[in-house]
Amino acid sequence: MASTTKKPYLGMTGSKLSAWVSVACITAMTLFGYDQGVFGGIIVTDDFLRQMNYPNADLQGTIVSLYDIGCFAGAMATFAFGEYFGRKKSLIIGVIIMSIGAILQAAAANVPMMIVARLVTGVGNGINTSTSPVWQSETTKASMKGKLIILSMIMNIAGFSLSNWMTYGFSFLSGSISWRFPIAFQLVFSVVLFATVPWLPESPRWLLAHGYDKEGIAVLAALEGTSIDDKYVLAEREEILEAVRIEREQRTPLKDILRGRTGNTGMVKRLLLGAGTQWMQQLGGINVTSYYLPLVLQNSVGLSNNLSRLLAGCNSVSYLVFSFIGLYLIERAGRRKLMMYGAAGQAFCYLFISAFLSQGGDNYGAAATAFFFLYYVFFGVCWQGVPWLYPVEINSLSMRTMGAALATGSNWIVNYAIVQATPPGIENLGWKFYLLWMAFNAVMVPLIYLLYPETSNRHLEDVDRLYRENPGMVLVFRNKEAVQTARPERYESLGNELKQRVGGKEDPDDVSVEHVEHA
C-alpha cells in the first residue's frame, strides 16, 4: 500500500529549501526598506500636508520618528520573549502587527491617528528586523551566511528605492491616493510572508538548544539535502550541542549579566560590540538622508520639490547598484575592513558636503548633491549589511536572539533621536549640521580597529571558542586569530577532528516525518 504521509516543506530539501527560507527573510528586510523610505516622499506631498494641517518642522520630525520608538519597543519585546517563541512564530507575530499598522496608516485622517499607526507599524518592524537575520544565519551554511544577509540588505535597499519611485510617480496625482496608496502597498510584502513563513522549518539551532533534538537534526539534514546519519550533519549537531552544553554549565542570570559577572564567555563585551555596530551605523548619518533626502535637497541645497524627488529616486538606484559590491566583498574583505573603510569614506563625504553648502549658490549646491550620492556608495558597499550580520555572529547561541534584539533596539532608539533632530537641525544649523556626522564617522575608524574581532568565514561556534580561550580580551588588534579574514587553521583542524570522531558513530535518534513536521 502506497504511503500517504505528507512530506514536510512541500517536499523540498537542500538548496531549494534554504532558498525559500532566504526568500522569507529577504522579503521581511525588503518590507523594512520600503517602509523606511516611503515617508521621505510623503512628508513633502501637498495633500498629506493639507490632511495633517501643515505640521511644522518639529511635528514632522515627531510623526516620522515615533515609528522608530515603535521599532524599539518591538525589538525589546523580541529581547524579552523572542527566545521563548522561536524564530518563525516571532516573525509571524511581527508581520501581523506591521500589517495592522500599514492599514491604519493608509486610513489615517489626522495627526494623532497617523502617530498611533506609525507606532504600531514600528512595533511589527522591530520584531521582524530582530528576528529575520537570526533565522537566516541559523539556517545557512557558514560559507553563505554573510552573502545571504548582505543580499537581504541589498533587497532592503531595493525596497527603499521602490518606495522613492512609488512616491515620485504618485506625486503627479492629486488627492489622497498620492500618499495613501504608497503606504498601503507595503501589504504586498506581508502577503508574501504569510504565504511562506508558516511552512518553512524552524531554526535547527533553536530546536537543539530547547531540547527538540530529533526535530533539530531532521532540519539540519533537510537543509543539507542529505540523511540524518550523514557525517557532516552529525558533526554539526555535535558542535551545536557542545556549545549549548557549555553555555548551560555557565548560564548567567540577567542580574549578573547587568553587573558584568559572566565568567569567561565574554557575554557583556559581545553584547556591547553587537549593539555598537548598530549605534555606529546610525551615527554615521544614514538616516539624516534616508528619511528626509527630498527635504534635505529642498531645504539645504535649494532644489525644487519635483527635482528633489527625482534625484532621491536616482540616488536610490545608484545606492542599490553599488550595494552589490558589498555582496562580493563581505567574505573577501571581512567585516572589520568594510566598516573601517566605509566610515572613513563617509567622513570624507560629509566634510565636503559641509564645505560646499557653506558657500551657497547653485554650483556649490550641485557639488554637495554629488557628495550625497557618493556617501550612499560608501554606505551601500560597507555599512548597509554588516551591522545586521555582526550581532548575530558575535553573540553566543543562548544570547543570539537577545543580542540581535538589543542591537536592533539600539539602532531604533538612536534612529529616533536622529530623525527627530534632523528637520530642526537643518533649519537652525544649516551646513554646520553635517559636520556632526563627519566627526562621528572619523571616531568610528579607530574604535573598530582596536575593539572589533573579525567574524567572517567562521562558524557561529568559533566565536564562542575565541572568547573562552581569551577571557580578558578587549583590545583585539594584536590577536592574529581575532582579526584575520580567513578562518583560523586551528579551527579547521578541530572541525575535521570532530567529523572523524562522529563519523563512525550511529545516531541513536529515530527521526520520523512527524518530528520533521513539528520542526
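Residues numbered from 1 in each chain as written. Predicted model: local features only at pLDDT ≥ 70, side-chain atom pairs only at ≥ 80, totals over all residues. Heavy atoms only, no water.

## Regarding the overall build of the chain
Logical step 1: The helix and strand inventory of the chain stands at 25 helices and 0 strands.
Logical step 2: The burial tally for the chain puts 57% of its 519 residues in the buried class.
Logical step 3: Across the chain, every contact between residues at least 6 apart in sequence was considered, and the portion connecting residues at least 24 apart equals 83%.
Logical step 4: On the chain, roughly 20200 Å² of surface is accessible, and the fraction owed to carbon and sulfur atoms is 63%. (Helix = DSSP H or I, 4+ residues; strand = E, 2+ residues; numbered from the N terminus. Buried < 20%, exposed > 50% of the residue type's maximum accessible area, 1.4 Å probe, protein only. Contact = heavy atoms within 4.5 Å. Areas by Shrake-Rupley, 256 points an atom, 1.4 Å probe, with all protein chains shown as cover.)

## Brief notes about the nonpolar core
The nonpolar side chains of a soluble globular protein tend to be buried with one another.
Logical step 1: Of all hydrophobic cores here, the largest spans 57 residues; its most connected members are Trp 383, Tyr 434 and Ile 448.
Logical step 2: Counting 52 residues, the second largest nonpolar core, distinct from the first, contains Leu 17, Val 38, Leu 223 and Trp 388. (Core = buried A, V, L, I, M, F, W, Y, C linked by side-chain atoms within 4.5 Å.)

## As for the packing of helix α19 (residues 386-394) against helix α22 (residues 460-469)
Logical step 1: Put simply, α19 and α22 touch, their axes get as near as 8 Å, and they point 60° apart. The angle between α19 and α22 falls in the class oblique. Residues Val 392, Glu 393 and Ile 394 of α19 lie in contact with α22, whose contacting residues are Leu 460, Val 463 and Tyr 467.
Logical step 2: Broken down by class, the residue content of the contact of α19 with α22 amounts to 5 nonpolar, no polar and 1 charged. (Axes fitted to C-alpha atoms, helices over the stretch in contact; angles between N-to-C directions. Parallel < 35°, antiparallel > 145°, perpendicular 65-115°, else oblique. Nonpolar A, V, L, I, M, F, W, Y, C, P; charged D, E, K, R; others polar.)

## Concerning the confidence of the model for the chain
Logical step 1: For the chain, the mean per-residue pLDDT works out to 84, and 89% of the residues sit at or above 70.
Logical step 2: Low pLDDT, under 50, characterises residues 504-519; the stretch is placed with 35 contacts to residues that sit more than four places away or in other chains. (pLDDT = per-residue confidence, 0-100.)

## Thoughts on the packing of helix α3 (residues 57-85) against helix α20 (residues 400-429)
Logical step 1: Interaxial distance between α3 and α20 falls to 8 Å at its minimum, and their mutual angle equals 175°. Accordingly, the angle class assigned to the pair α3 and α20 is roughly antiparallel.

## Section: unusual backbone geometry
Logical step 1: The phi torsion at Tyr 54 lies on the positive side, around 50°, for a residue other than glycine.
Logical step 2: Relative to the helices and strands, Tyr 54 resides in the loop between α2 (46-51) and α3.
Logical step 3: A positive phi is found at Asn 457, a non-glycine position, where the angle reads about 60°.

## So, the pattern of salt bridges
Logical step 1: Considering all chains together, one arrives at 13 salt bridges under this definition.
Logical step 2: Where Arg 205 meets Glu 236, a salt bridge forms, and the shortest distance between an N and an O atom there is 3.7 Å. Of this pair, Arg 205 sits in helix α9 (residues 204-209) while Glu 236 sits in helix α11 (residues 231-249), and the two are 31 residues apart along the sequence. Both residues of the pair, Arg 205 and Glu 236, belong to the buried class.
Logical step 3: Salt-bridge contacts for Asp 462 lead to Arg 465; the nearest nitrogen and oxygen are separated by 3.2 Å. Of this pair, Asp 462 and Arg 465 both sit in helix α22, 3 residues apart, which is roughly one turn of the helix. For the pair formed by Asp 462 and Arg 465, the shared burial category is buried.
Logical step 4: Three or more residues are tied together by salt bridges with common partners; here these are Glu 83, Arg 87 and Glu 138. (Salt bridge = Lys/Arg side-chain N within 4 Å of Asp/Glu carboxyl O.)

## Some remarks on the packing of aromatic side chains
Logical step 1: The tally for this structure, following the rule as stated, stands at 34 aromatic pairs.
Logical step 2: Ring geometry for Trp 437 versus Phe 440: centroids 5.7 Å apart, planes at 45°, classification tilted. Here the residue Trp 437 and the residue Phe 440 both occupy positions in helix α21 (residues 433-451), the gap between them amounting to 3 residues, near one helical turn.
Logical step 3: Exposure remark for Phe 440: the relative accessible area of 34% places this residue in the partly exposed category.
Logical step 4: Through a chain of ring-to-ring contacts, the aromatic side chains of Phe 160, Tyr 319, Tyr 350, Phe 372, Tyr 375, Tyr 376, Phe 379, Phe 433, Tyr 434, Trp 437 and Phe 440 assemble into a single cluster.
Logical step 5: Over the face of the ring belonging to Phe 39 we find Arg 118, whose NZ or CZ atom lies 4.0 Å from the ring centre. (Phe/Tyr/Trp six-rings, centres within 6.5 Å; stacked < 30°, edge-to-face > 60°. Lys NZ or Arg CZ within 6 Å of the ring centre and 35° of its normal.)

## Some details on the environment of Val 414
Logical step 1: Turning to its location among the elements, Val 414 is positioned in helix α20.
Logical step 2: On a C-alpha basis, the gap between Val 414 and Gln 281 in space is 9.6 Å, while along the polypeptide they are 133 residues apart.

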